[in-house]
Amino acid sequence: AVSVKGMTDYNFRGISQTDRKPAIQGGAELQFYDNLVYAGVYASNVDLATRPPAEIDFYAGIRPKFGPVTVDVGVWQYYYPSEKQFIDTAGVYWTPRNTDYTEVYGKVSYNFEDKLILGANVFYAWDWLGTGASGTYASVTAKYNLPFLEGLSVSGEFGHYWLGTTNLAIWSTVPPTNLPDYAYWNAGVSYTWKNLTADVRYHDTNLSKTECFALTADPRGVNSGSGRSKWCAPAVVATLSFDITASSVGIFAPK
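Conventions we followed
Residues numbered from 1 in each chain as written. Predicted model: local features only at pLDDT ≥ 70, side-chain atom pairs only at ≥ 80, totals over all residues. Heavy atoms only, no water. Helix = DSSP H or I, 4+ residues; strand = E, 2+ residues; numbered from the N terminus. Rg over C-alpha atoms; globule rule 2.2 N^0.38 Å. Buried < 20%, exposed > 50% of the residue type's maximum accessible area, 1.4 Å probe, protein only. Contact = heavy atoms within 4.5 Å. Disulfide = S-S within 2.5 Å. Core = buried A, V, L, I, M, F, W, Y, C linked by side-chain atoms within 4.5 Å.

Student: I keep staring at the overall build of the chain and nothing clicks. Help me out?
Tutor: Broken down by element type, the chain carries 2 helices and 15 strands. Taking 18 Å as the expected radius of gyration for a compact globule of 255 residues, we find that the chain reaches 19 Å, a close match to that expectation. Residue burial in the chain is summarised as follows: out of 255 residues, 41% are buried. Counting only contacts in the chain whose residues sit at least 6 apart along the sequence, the fraction spanning at least 24 positions is 51%.

Written out as structure tokens, the structure reads:
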């Protein structure tokens with residue numbers, strides 16, 4: 001399976017990863033045994049405090065199906081190449097040297113006759129963004145295929161992030177910090193025509209600008225001295241994606 005996306009902002013769980021600027025993403029996934037086992041790679045441009053040129057993700061898992069129920073269990077590695085630790089002019093360390101981290105996840109969804117799809121998800125990282133803090137994200141999702149136009153649907157997600165305490169060894173000048181938990185939600189409408197999908201979605205969190213800065217080390221908040229960030233504020237994101245499987249064009253198709 002191959003996917004290419006263009007979006008007005010790379011919003012990940014309510015936080016902009018591109019400083020509110022557009023993103024281009026692409027990935028490829030190998031699927032085995034009728035999509036029971038899968039492994040893939042995904043990449044996107046980013047604009048983060050540590051200035052990596054891109055985010056590159058590697059993942060693998062299994063997706064067994066039991067009638068209308070699909071279970072998905074796997075592991076996801078977030079990799080940010082060529083990072084530079086963010087240190088201000090006073091010598092204060094605002095980020096770890098390396099923000100790569102690994103996440104394990106479990107998902108379950110129920111498909112009601114291809115009309116309504118409900119889902120529940122849990123993700124866990126023991127070293128969130130290299131801070132030494134744990135991160136647990138849980139959410140529920142819903143998607144409804146509208147009956148009056150094939151390919152048109154509405155969907156949404158509500159989730160909560162539980163974040164732990166940073167490790168003193170990460171920053172020599174910053175004591176352990178309790179990272180703020182937060183709620184995240186999105187809602188939008190999408191239309192799929194053949195291999196193309198257009199999506200417009202509203203994203204929001206309950207993070208204050210100060211709490212957002214604590215999670216992102218937004219350079220604007222450091223350079224201005226405000227200690228605040230708008231990266232977690234409400235956002236409307238438009239996305240256009242192209243998705244295709246090799247079997248659909250006759251490559252690796254079952255005989």
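Student: What exactly am I supposed to notice about unusual backbone geometry here?
Tutor: Across the chain, the bulk of peptide bonds are trans and the bulk of non-glycine residues have phi less than zero. Backbone geometry places Asp19, a non-glycine residue, at a positive phi of 55°. Looking at the secondary structure, you find Asp19 in the loop between strand E3 (15-16) and strand E4 (23-32). Positive phi is not limited to glycine here, since Arg20 has a value of about 65°. If you trace the backbone, Arg20 turns up in the loop between E3 and E4. For Arg20, a relative accessible area of 29% gives the class partly exposed.

Student: I would appreciate a short explanation of the state of the cysteines in the present structure.
Tutor: Note on terminology: a disulfide is the covalent bond linking the sulfur atoms of two cysteines. Per the stated rule, a full pass over the model turns up 1 disulfide. One disulfide bridge connects Cys212 with Cys232, the sulfur atoms lying 2.0 Å from each other. A torsion of 80° about the S-S bond marks the disulfide between Cys212 and Cys232 as right-handed. Placement of Cys212 in helix H1 (residues 209-216) and of Cys232 in the loop between helix H2 (219-223) and strand E15 (235-244) is noted, with a sequence separation of 20 residues between them. In this structure Cys232 comes out as buried when scored by relative accessible area, which is 2%.

Student: Is there a simple way to think about the nonpolar core in this case?
Tutor: A general trend in soluble globular proteins is that nonpolar side chains are found buried together. Ranked by internal contacts, the top residues of the largest apolar core, which has 29 residues, are Trp128, Leu163, Tyr182 and Leu215. Secondary structure elements with two or more residues in this core: strand E9 (101-112), strand E10 (116-125), strand E12 (152-163), strand E13 (182-193), H1 and E15. Ala49, Phe86, Phe213 and Ala217 belong to the second largest nonpolar core, which has 5 residues in total.

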